[in-house]
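Structure assessment
Given next are the chains, with one letter for each unit.
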Amino acid sequence: MSDLLGILAERPFLAEALTLVGLLLVSIIGHLLVRRYVISFLHKMVVQTRITWDDICVEHGVFNSLTPLVPAIIFNLGTPWLPVTGPVVEKLTAAWMILIIAGFLGRLATALFAIYGASEWGSRRPIKGYLETVKLVIYLAAGVVAISLFLGVSPLVLLSGLGALTAVLMLIFQDTILSFVAGIRIINNDLVRVGDWIEMPKFEADGFVIEAGLHTVKVQNWDKTISHIPTHRLVEDPFRNWRGMAESGGRRIKRAIMIDQSSIRFCDEEMLDRYERIQLIRDYVRSRRREIAEYNQAYQVDPSHIVNGRRMTNLGTFRAYVTAYLRNHPRIRQDMMLLVRHLQPTAEGLPIEIYCFVNDTAWVNYEGVQADIFDHILAAVPHFDLRVFQSPSGYDLQTLGANRVNGAMRPVD
């Protein structure tokens, strides 16, 4: 034993190397023991509890991130036995511990964000941009402190030396600064939440927000592609958020059918008798006939010409029918705007616009209700002696030519 000590005394570098190897072995053993027993015990305790936040911490490796502290502490405590490399090892282990603590704080921030995101408030107010900013600040501060410890200078001295690089840093972190400020405005004004359906044609985005980060907002489009929108562009450029529609519980129908204007006419008694047999407008036709008859009699209207006085039209009666049909439809919101109106006449006919709200905002269900409504309305048009306008097809022209050859110059039905 004395011979070994003598050899080590004559060769200090060998003694230093053996000490380093010993510290390395002890640190590895300590690290393995902590992971196997201490961390495993913590995980078992977490599983047995009813609360969920500790499970989220385990899932994000918050406790595991502290295990590298064991080797760092062992090396730091062993520096007195390292006369040559001790000062350097002490500085390295100090910087190492700072970075480990920074990693722990970063994982803890991620776990806290996950806990917040699982709450009802978190789904409405995403703070992922804040999380990424906090983690960036933690890592930058840890890097500055670690470098200052290794160099043996105050962090303030190191930061003061960076003053000349402010312009360069501002240029490097320009997007980060813009995105951070935009994120604050987005959260404070509640512009976008995860799960919102937004449209932003400039970025070909039309779908649901699946992630709102510091630098980008991810939108999954209807065709399952992903659009990446810079966060600050949501403040600078216009976009449409459909959240209001979803929260209102009503989705708008705003569509017109084109009526052939040559089919619009005053109603005669035969037409009114037929319309009166339609259940939805029976009372309407009766009351209107009575009202018009009283008016024409009171003002001594000359009945020899149909234009004189007041008369019902087939188009006005049709509009009353469509309104009554929508008022009695079980899938139409009666507490929201509902109207049937004329639009500006065009060369393609007179547009009759249906404006109402379906009580189901799901896309598939909404389209089904809308199709059913217009199926019925289009099928009902001929029963009011009206025609729907459409451009002639090849079949129409062919049939018209055949009628001319046969001498039948009547309109094709």
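A brief look at the structure comes next. (Residues numbered from 1 in each chain as written. Predicted model: local features only at pLDDT ≥ 70, side-chain atom pairs only at ≥ 80, totals over all residues. Heavy atoms only, no water.)

1. Structural notes on the sheet that holds strand 6 (residues 251-259)
Defined as follows: Pairing between strands requires that DSSP locate at least two bridges from one strand to the other. Put simply, DSSP marks the helices as runs of H or I at least four residues long and the strands as runs of E at least two long, and each gets a number from the N terminus on. Axis geometry follows a simple rule: fit a line to the C-alpha atoms, using only the stretch in contact for helices, then measure angles between N-to-C directions, giving values from 0 to 180 degrees. Pairs of residues are marked as contacts when any of their non-hydrogen atoms sit within 4.5 Å.
With antiparallel pairing, three strands are arranged side by side in an open sheet as 6-8-7. The two strands at the open ends of the sheet, each matched to only one other strand, are strand 6 and strand 7 (339-342). Across the sheet, the axes of successive neighbouring strands diverge by a mean angle of 20°, strand direction being ignored. In this sheet, strand 8 (residues 350-358) lies alongside strand 6 in antiparallel orientation, the contact comprising nine bridges. Across the sheet, residue Ile259 finds its bridge partner in strand 8, namely Leu350. Each of strand 6 and strand 8 is contacted by helix 16 (residues 363-380), which is oriented at about 25° to strand 6, the strand it contacts most.

2. Things to note about the side chain of Ser27
Structurally, Ser27 is set in helix 2 (residues 12-48). Setting aside anything within four residues of it in sequence, one finds Ser27 in contact with Pro71, Ile74 and Phe75.

3. Quick word on the nonpolar core
Where we set the bar: We call a set of buried residues a nonpolar core when its members are Ala, Val, Leu, Ile, Met, Phe, Trp, Tyr or Cys and they connect through side-chain atoms within 4.5 Å of each other. Burial classification: accessible surface area is computed with a 1.4 Å probe over protein chains only, and a residue below 20% of its type maximum counts as buried, one above 50% as exposed, and the rest as partly exposed.
Among the nonpolar cores identified, the biggest contains 35 residues, and Ile253, Ile257, Phe318, Val322, Leu326, Ile354 and Ile373 are the most heavily contacted of them. Listed by contribution, the elements that provide at least two residues to this core are strand 6, helix 13 (269-276), helix 14 (282-298), helix 15 (314-327), strand 8 and helix 16. In contact with Ile257, not counting residues within four places along its chain, are Phe318, Leu350, Pro351, Ile352, Phe374, Ile377, Leu378 and Val381. Within the second largest apolar cluster, 11 residues are counted, among which are Ile198, Met200, Val217 and Leu234.

4. Let's talk about a nonpolar patch on the surface
Where we set the bar: What makes a patch is a set of residues exposed beyond 30% relative accessible area and free of salt bridges, joined within 9 Å when like-charged and within 5 Å when nonpolar (Val, Leu, Ile, Met, Phe, Trp, Tyr). Shrake-Rupley sampling with a 1.4 Å probe provides the accessible areas, and residues are treated as covered by the protein chains on show and by no other component. Counted as salt bridges are all cases of a side-chain nitrogen of Lys or Arg within 4 Å of a carboxyl oxygen of Asp or Glu.
Together, Ile29, Leu33, Tyr37, Val38, Phe41, Leu42 and Met45 make up a nonpolar patch on the protein surface, roughly 680 Å² of accessible area in all. The topology assignment puts Tyr37 in helix 2.

5. Focus on the packing of helix 13 against helix 14
Condition: Gly is placed with the polar residues, together with every amino acid not listed as nonpolar (Ala, Val, Leu, Ile, Met, Phe, Trp, Tyr, Cys and Pro) or charged (Asp, Glu, Lys and Arg).
Helix 14 packs onto helix 13 with a crossing angle of 145° between their chain directions and a minimal axis gap of 8 Å. Here Glu269, Leu272, Asp273, Tyr275 and Glu276 of helix 13 lie close against helix 14, whose contacting residues are Arg282, Val285, Arg286 and Arg289. Of the residues that constitute the contact of helix 13 with helix 14, the class distribution is three nonpolar, no polar and six charged.

6. Observations regarding the environment of Ala111
Within the secondary structure, Ala111 is located in helix 5 (residues 86-117). Spatially, the C-alpha atom of Ala111 lies 6.1 Å from that of His60, the residues being 51 residues apart in sequence. If sequence neighbours within four positions are ignored, Ala111 has contacts with Ile56, Cys57, His60 and Val62.

7. Notes on the sheet that holds strand 2 (residues 205-212)
The strand order 4-3-2-1-5 describes an open sheet built from five strands, whose pairing is antiparallel. Looking along the sheet, the strands with just one partner apiece sit at the ends: strand 4 (226-230) and strand 5 (240-241). Alignment of strand 3 (residues 216-221) against strand 4, held across five bridges, turns out to be antiparallel. Paired with Val217 across the two strands is Ile229, which belongs to strand 4.

8. Remarks on the packing of aromatic side chains
Under the convention used in this document: Aromatic rings from Phe, Tyr and Trp, with only the six-membered ring used for Trp, were paired whenever their centres fell within 6.5 Å, and each pair was classed as stacked if the ring planes differed by under 30 degrees, edge-to-face if by over 60, and tilted otherwise.
One pass over the structure, following the stated rule, counts 10 aromatic pairs. Aromatic side chains Trp197 and Trp242 sit 4.5 Å apart centroid to centroid with 10° between the ring planes, which places their arrangement in the stacked category. With a gap of 45 residues between them, Trp197 in strand 1 (residues 197-200) and Trp242 in the loop between strand 5 and helix 12 (243-248) connect regions that are remote in the sequence. A residue is classified by how much of its surface remains accessible, and Trp197, at 11% relative accessible area, is buried. Assessed through its relative accessible area of 22%, Trp242 is described here as partly exposed. Between the aromatic rings of Phe208 and Trp222, the centroid separation amounts to 5.2 Å while the plane-to-plane angle is 70°, which identifies the pairing as edge-to-face.

9. So, the packing of helix 15 against helix 16
Selection rule: Note on angle classes: values under 35 degrees are labelled roughly parallel, values over 145 roughly antiparallel, values of 65 to 115 roughly perpendicular, and the remainder oblique. Less than a right angle of anticlockwise turn of the near helix away from the far helix marks a crossing as left-handed, whereas a clockwise turn marks it as right-handed.
Look at helix 15 against helix 16: their axes get within 11 Å of each other, and the N-to-C directions meet at 150°. Here helix 15 lies roughly antiparallel to helix 16, going by the angle between them. Taken as a pair, helix 15 and helix 16 cross one another with a handedness that is right-handed. Touching Phe318, Tyr321, Val322, Tyr325 and Leu326 of helix 15 are Asp372, Ile373, His376, Ile377 and Ala380, all from helix 16. Within the contact of helix 15 with helix 16, the residues separate by chemical class into eight nonpolar, one polar and one charged.

10. Points about the pairing of strand 2
Along any regular strand, the residues point their side chains to alternate faces of the sheet. Where strand 1 lies against strand 2, four bridges are found, and the strand directions are antiparallel. Within the sheet, the bridge partner assigned to Met200 lies in strand 2 and is Ala205. Hairpin connection from strand 1 to strand 2: four residues lie between these consecutive antiparallel strands, with Glu204 at a positive phi of about 55°. Sheet analysis places strand 2 next to strand 3, joined by five bridges and oriented antiparallel. Among the inter-strand pairings, Val209 is bridged to a residue of strand 3, identified as Val219. Between strand 2 and strand 3, which pair antiparallel one after the other, the connecting turn spans three residues.

11. What about the pairing of strand 3?
A one-sided burial pattern is seen for strand 3, the buried positions being Val217, Val219 and Asn221 and the unburied ones Thr216, Lys218 and Gln220. Linking strand 3 back to strand 4 in an antiparallel pair, the connection comprises four residues, with Lys224 at a positive phi of about 75°.

12. Quick notes on unusual backbone geometry
At Gln300, a residue that is not glycine, the phi angle is positive and equals roughly 50°. Structurally, the position occupied by Gln300 is in the loop between helix 14 and helix 15. A relative accessible area of 72% means that Gln300 is categorised as exposed. One non-glycine residue with positive phi stands out, namely Asp385, at about 60°. Within the element layout of this structure, Asp385 appears in the loop between helix 16 and helix 17 (394-405).

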